[in-house]
Amino acid sequence: MKFHLSTPDGNVITGMGPGWVRIGAEEYRANVVLTAEAIVTGWAAAGFDALTESDFAGLLVHAPEIVLLGTGDTIRFPHPRLTRAIAEARVGLEVMDTPAACRTYNILASEGRKVVAALVVA
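Summary of the structure given here. (Residues numbered from 1 in each chain as written. Predicted model: local features only at pLDDT ≥ 70, side-chain atom pairs only at ≥ 80, totals over all residues. Heavy atoms only, no water.)

Once that is clear, we can look at the packing of aromatic side chains. For the structure shown, the criterion picks out one aromatic pair. Ring centres of Trp43 and Phe56 lie 6.3 Å apart, and the angle between their planes is 85°; on these two criteria the pair is classed as edge-to-face. Taken as a pair, Trp43 in the loop between strand E5 (39-41) and helix H1 (53-57) and Phe56 in helix H1 lie far apart in primary sequence, 13 residues in all. On the basis of relative accessibility, which here comes to 8%, the residue Trp43 falls in the buried class. Residue class for Phe56 comes out buried when judged on its relative accessible area of 0%. (Phe/Tyr/Trp six-rings, centres within 6.5 Å; stacked < 30°, edge-to-face > 60°. Helix = DSSP H or I, 4+ residues; strand = E, 2+ residues; numbered from the N terminus. Buried < 20%, exposed > 50% of the residue type's maximum accessible area, 1.4 Å probe, protein only.)

Below, the structure written as structure tokens:
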């Protein structure tokens, strides 16, 4: 039997730490939106406390079945009015700390799920 090293298709989170996340071989030190096909920087540049309805509505352009919101080192829940567009689109939203969101993203993406990770890193 011959074994082959296989790598998953698409973007994979390969590391993270305080103030950074590594996607593939590239490190990001700012908030980022991640799908299997795209890496979008500049999302929520002013941080969690400045999130707006349009920040969440903009995530829908990726046609997700689920959105993972990584809120930094601790879990912080956005006001429901901010996430209204996601709820009205009948897209699941899971809020967790950023390390948990990174792990969950990798699992769901490896299953081929249409997942969007919106990660507060900075």
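Its 13 residues give helix H3 (residues 98-110) an end-to-end C-alpha distance of 18 Å, which sits within 8% of 18 Å, the value for a rise of 1.5 Å per residue. Among the residues of H3, those classed as buried are Thr98, Ala100, Ala101, Cys102, Tyr105, Leu108 and Ala109. Put simply, Asp97 is the residue that caps the front of H3, since its side-chain oxygen is 2.8 Å from the backbone nitrogen of Ala100. Just downstream of H3, Gly112 is the residue with a positive phi angle, here 80°. (Expected span 1.5 Å × (residues − 1). Polar contact = N/O pair within 3.5 Å; in protein donor to acceptor, adjacent residues only side chain to side chain.)

So, about the sheet that holds E5. Taken together, five strands build an open sheet; the order of strands is E5-E4-E8-E6-E7 and the sheet is mixed. With partners counted over all chains shown, the strands left at the sheet margins are E5 and strand E7 (92-96), one partner each. Going across the sheet, the axis of each strand differs from the next one's by a mean of 15°, ignoring polarity. Here strand E4 (residues 32-34) runs beside strand E8 (residues 115-119); their pairing, made up of three bridges, is antiparallel. Bridging from a neighbouring strand, Leu34 pairs with Ala117 of E8. Across the sheet, H3 lies against E4, strand E6 (66-70), E7 and E8, angled at about 155° from E6, the strand it touches most. (Pairing = 2+ DSSP bridges. Axes fitted to C-alpha atoms, helices over the stretch in contact; angles between N-to-C directions. Contact = heavy atoms within 4.5 Å.)

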